[in-house]
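# Structural overview
Here is what each chain is made of, one letter per residue.
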Amino acid sequence: GYNYRWFVNDAEVGVDSSTLGSWNYQKTNKIKVEVTPNDEENTGDPIISQEITVINKPPEMIDIDIHPIVARTLDELYLSPGENLNYTDADGDIVNFNYSWYNGGSILNKHNDTLSGDNFVKYDSLYIIVIPNDGEEDGISIQSLDRYVINTMPYFGFINITPEPALTDSVL
């Protein structure tokens, strides 16, 4: 068998296992392990591994979706769940996002998490690509599903009948 002594930043962490769980270290820590072979009769000389440095793990997007589900020509489109995008960052870094909106495959010059209705018309096909960044490096980009724009129903804002008061011989 083997006995293991793990060291994080030259301090022994008290783990006697062939693996070291990630809860024992963090980004920029230096890790090494000492392994001592043994059998029922003898213990061999310990061997110390090379030291490694834990590097940044880039953030990962889990999913994104454009809302509203039914996009109309006058709508403002936004990402769901809004400012609380669904992502992970194993290092616990603060994550920022780069947004790129596309219309029919052509990039729009819009780089935030919303897109106003003056950027599209009915029958357009819109999607967004989001790239997470933890201040050290970009994560893998994620693309939303296409959102197809349909026509907004026409409407009247207000109807006013005149004259008021109306008389029996008034033309309304």
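This section reports on the structure supplied with the text.

What counts, and where the lines are drawn
Residues numbered from 1 in each chain as written. Predicted model: local features only at pLDDT ≥ 70, side-chain atom pairs only at ≥ 80, totals over all residues. Heavy atoms only, no water. Salt bridge = Lys/Arg side-chain N within 4 Å of Asp/Glu carboxyl O. Helix = DSSP H or I, 4+ residues; strand = E, 2+ residues; numbered from the N terminus. Buried < 20%, exposed > 50% of the residue type's maximum accessible area, 1.4 Å probe, protein only. Contact = heavy atoms within 4.5 Å. Core = buried A, V, L, I, M, F, W, Y, C linked by side-chain atoms within 4.5 Å. 1 Å grid on protein atoms, 1.4 Å probe; cavity = no way out; pocket = protein on both sides within 12 Å on 5 of 7 lines; lining within 4 Å. Points joined across faces, edges and corners; volume = space filled by probe spheres on them. Nonpolar A, V, L, I, M, F, W, Y, C, P; charged D, E, K, R; others polar. Pairing = 2+ DSSP bridges.

## A closer look at the pattern of salt bridges
For side chains bearing opposite charge, pairing can occur when the charged atoms are close. Tallied over the full model, the rule gives seven salt bridges. Residues Glu34 and Arg5 are paired through a salt bridge, measuring 3.1 Å at the closest nitrogen-oxygen approach. Highlighted residues: Glu34 in strand β3 (residues 30-37) and Arg5 in strand β1 (residues 2-8), separated in sequence by 29 residues. Glu34 sits in the buried class, given a relative accessible area of 12%. What makes Arg5 partly exposed here is its relative accessible area of 32%. A salt bridge links Asp65 to Arg147; the shortest N-O distance between them is 3.1 Å. Of this pair, Asp65 sits in strand β7 (residues 65-67) while Arg147 sits in strand β16 (residues 147-150), placing them 82 residues apart in sequence. On the basis of relative accessibility, which here comes to 11%, the residue Arg147 falls in the buried class. One salt-bridge network, held together by shared partners, links Arg5, Glu12 and Glu34.

## Describing the environment of Leu145
Within the element layout of this structure, Leu145 appears in the loop between β15 (142-143) and β16. Residues Leu145 and Asp93 lie 52 residues apart in sequence; the distance between their C-alpha atoms is 27 Å. Once you skip the residues sitting within four places of it in the chain, Leu145 turns out to touch Ile66, Leu126 and Tyr127.

## Examining the nonpolar core
Nonpolar side chains in soluble globular proteins tend to be buried together. Core analysis: the largest hydrophobic core is formed by 19 residues, its most contacted members being Leu77, Leu85, Ile128 and Val130. For this core, the secondary structure elements donating two or more residues are β9 (77-80), β11 (96-103) and β14 (125-133). With sequence-adjacent residues up to four places away left out, Leu85 is seen in contact with Met61, Ile64, Leu79, Phe97, Tyr99 and Val130. Counting seven residues, the second largest nonpolar core, distinct from the first, contains Trp6, Val15, Leu20 and Ile31.

## Examining the layout of surface pockets
Its boundaries defined by the atoms lining it, the largest pocket holds a volume of some 150 Å³. Taken together, Ser22, Tyr25, Gln26, Lys27, Val54, Ile55, Lys57, Ala90 and Asp91 make up the lining of the largest pocket. Within the lining of the largest pocket, the residues separate by chemical class into four nonpolar, two polar and three charged.

## Section: the sheet that holds β9
In any sheet, the strands associate via hydrogen bonds between backbone groups, in a parallel or an antiparallel arrangement. Strands sit in the order β7-β9-β13 across an open sheet of three strands; the sheet is antiparallel. Strand pairing shows two members of the sheet lacking a second neighbour, β7 and β13 (114-115), which therefore form its edges. The sheet contact formed by β9 and β13 spans two bridges and is antiparallel. Paired with Tyr78 across the strands is Thr114, a residue of β13.

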